[in-house]
Amino acid sequence: MVADLSQLVKAYDVRGVVPDQWDETLAELFGAAFVQVTGADAIVIGHDMRPSSPPLAGAFARGATARGADVTLIGLCSTDQLYYASGALDLPGAMFTASHNPARYNGIKLCRAGAAPVGQDTGLTEIRTLVEQWSEHGAPAVGGVTPGTVTERDTLADYAAHLRKLVDVSTVRPLKVVVDAGNGMGGHTVPTVFEGLPLDLVPMYFELDGTFPNHEANPLDPKNLVDLQARVLAEGADLGLAFDGDADRCFVVDERGEGVSPSAITALVAARELARNGGTGTVIHNLITSWSVPEVVRENGGTPVRTRVGHSFIKAEMARHGAIFGGEHSAHYYFRDFWNADTGMLAALHVLAALGSQDGPLSGLVDRYDRYAGSGEINSTVDDQTGRLAAVRAAYGSRDGVTLDELDGLTVTSADWWFNLRPSNTEPLLRLNVEARDEVTLKTVRDEVLALVRA
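Read on for a plain summary of the structure.

Calculation notes
- Residues numbered from 1 in each chain as written.
- Predicted model: local features only at pLDDT ≥ 70, side-chain atom pairs only at ≥ 80, totals over all residues.
- Heavy atoms only, no water.
- Helix = DSSP H or I, 4+ residues; strand = E, 2+ residues; numbered from the N terminus.
- Rg over C-alpha atoms; globule rule 2.2 N^0.38 Å.
- Buried < 20%, exposed > 50% of the residue type's maximum accessible area, 1.4 Å probe, protein only.
- Axes fitted to C-alpha atoms, helices over the stretch in contact; angles between N-to-C directions.
- Parallel < 35°, antiparallel > 145°, perpendicular 65-115°, else oblique.
- Left-handed = near helix turned anticlockwise from the far one by under 90°.
- Contact = heavy atoms within 4.5 Å.
- Nonpolar A, V, L, I, M, F, W, Y, C, P; charged D, E, K, R; others polar.
- Core = buried A, V, L, I, M, F, W, Y, C linked by side-chain atoms within 4.5 Å.
- Polar contact = N/O pair within 3.5 Å; in protein donor to acceptor, adjacent residues only side chain to side chain.
- Pairing = 2+ DSSP bridges.
- Phe/Tyr/Trp six-rings, centres within 6.5 Å; stacked < 30°, edge-to-face > 60°.

Tallying secondary structure elements over the protein chain gives 14 helices and 22 strands in all. Here the C-alpha radius of gyration of the protein chain, 22 Å, is about what a compact globule of 455 residues would show, namely 23 Å. If you line up the protein chain on its principal axes, its C-alpha atoms span 70 × 55 × 45 Å. For the protein chain, the proportion of its 455 residues judged to be buried stands at 55%.

Right, here's the structure in full:
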């Protein structure tokens, strides 16, 4: 039977329930298709701590070697460690992870050599088509092809050394930092990256466990930060860091146990990256980051460029503009010196370096970058995304002093507030983000838009 991949292949990756939606048989076909589409003669493969990850990665490797590609297995790694390997070895890569999704899920994040993204417009559609064609009878044999070899390589120490070369934390004042790895890959990478630094590390949930026994490895959901916030206060720590399941995203908690907006972290890191580059450079930010991000970029001599939500758009703009840094409000941070790929660990090192090079607390440091009241992302389940968007557009389109743009969903901007309303690609949801100059205005705009959306 031909496999139905419509629910499995997403815009940027492969992700679904194992074994209900996919298994080792399909993983092997994905490996063969990946080599055929990229034309690679060698690839690198890594995986997270989920019980299904090693067998899926092994099956993918079999499919790749059958197509003549040599495979380097780097074993347990974070997603940004796989990107490091792809960049440093100049090889296409495959990372087996379902990021923050529950234990029964798994997936593949794919990249070309140099960590260049593979999405629907850059090869993933062709890979899906081949896997569907082959799913009934298997991948056809290729005549005259010598099967590729498989070698193992440990890249963790080299990955850590590369990050520490980009941000020097060795000379900062001693800091006490609580890290919640959520039983994900941060428990694998943090000890090596932080080793020998002037940091008093308090580890939480560092045991690699793909069943996530303590909480979901999704720090974007406030309930998954509660343990970290309490521990920061109990320890009297200078800050807390929370990583998602594959440790490519990092969230920050200040010394009061308060979450720090990813937009504020984007602005802080942007200022530091601009300083590293002589006060010039382009910084990419998506359209739901705070007004403070482009303001800080301009204040520090840089040029801000606004783009759609989604890592493929950020990475494409990074490459097009030669940008030095890019940030998203979802806590993905992208660096030119990391092959334009996202790494939460490098952003964390920037925060530690900034905090440790001055005497004040983190809350005081980020105040200069956190200038407005924000709603966070509010999801509404709707039957008619297009109709609800049209209703909101009609309600605001004729108002004085208001501008509308449709770069990604609908963004409505006034002198004192803005909001963005955009449809989910995978669910019957509209996602709302609002920002204003004060809390009262924020609540007024938020409630008015939600009333229209949920009417």
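Glancing now at the packing of helix α6 (residues 186-194) against helix α11 (residues 344-356). At their nearest, the axes of α6 and α11 sit 12 Å apart, and the two run at 40° to each other. Judged by the angle between their axes, α6 and α11 are oblique. Between α6 and α11 lies a crossing of right-handed hand. In this structure, α6 uses T189, V190, V193 and F194 to contact α11, whose residues at the interface are M345, L349 and L352. Of the residues in the contact of α6 with α11, the class split is 6 nonpolar, 1 polar and no charged.

On to the nonpolar core, then. Ranked by internal contacts, the top residues of the largest apolar core, which has 85 residues, are F194, L239, L241, F243, L349 and L362. Counting residues per element, this core draws most heavily on α11, which supplies 10 residues. Excluding anything up to four places from it in sequence, L362 contacts D238, L239, V252, V253, D254, E255, V260, V351 and L355. One finds L5, A33, A57 and I108 within the second-largest nonpolar core, a separate group that totals 35 residues.

As a further point, take the side chain of K109. Inspection of the secondary structure puts K109 in strand β5 (residues 105-112). K109 gets classed as buried once you look at its relative accessible area, which sits at 11%. Engagement of the side chain of K109 in a polar contact is seen with the side chain of D246, the distance being 2.8 Å.

Quick look at the side chain of T189 now. Here T189 is to be found in helix α6. Those residues within four positions of T189 in sequence are excluded, and the remaining contacts are S78, Q81, L156, Y159 and M345.

With that settled, consider the environment of L91. Checked against the element boundaries, L91 lands in the loop between α3 (79-89) and β4 (93-96). Residue classification places L91 among the buried residues on the basis of a relative accessible area of 14%. Along the chain, L91 and G302 lie 211 residues apart, while their C-alpha atoms are 32 Å from each other. For L91, the residues in contact, after removing those within four places along its chain, are A42, I43, V44, T72, S86, R112, A113 and G114.

Moving on: the pairing of strand β20 (residues 410-413). Across 3 bridges, the pairing between strand β19 (residues 403-405) and β20 is antiparallel. Across the sheet, T403 pairs through a bridge with T413, a residue of β20. Between β19 and β20, which follow one another and run antiparallel, lie 4 residues, and G409 among them has a positive phi close to 70°. Bridging between β20 and strand β21 (residues 417-423) involves 4 bridges; their strand directions are antiparallel. Pairing of L410 across the sheet is with L421, part of β21. Between β20 and β21, which follow one another and run antiparallel, lie 3 residues.

So, on to the packing of aromatic side chains. For any pair of aromatic rings, the description consists of the separation of the ring centres together with the inter-plane angle of the planes. Under the defined criterion, the tally for this structure stands at 12 aromatic pairs. Ring centres of F325 and F335 lie 5.0 Å apart, and the angle between their planes is 50°; on these two criteria the pair is classed as tilted. With F325 in strand β15 (residues 325-327) and F335 in strand β16 (residues 333-335), this pair connects stretches of sequence that are 10 residues apart. Exposure remark for F325: the relative accessible area of 0% places this residue in the buried category. The class for F335 is buried, based on a relative accessible area of 1%. Considering the side-chain rings of Y396 and W417, the 6.0 Å spacing of their centres and the 70° angle between planes classify their relative orientation as edge-to-face. Placement of Y396 in helix α13 (residues 385-397) and of W417 in strand β21 is noted, with a sequence separation of 21 residues between them.

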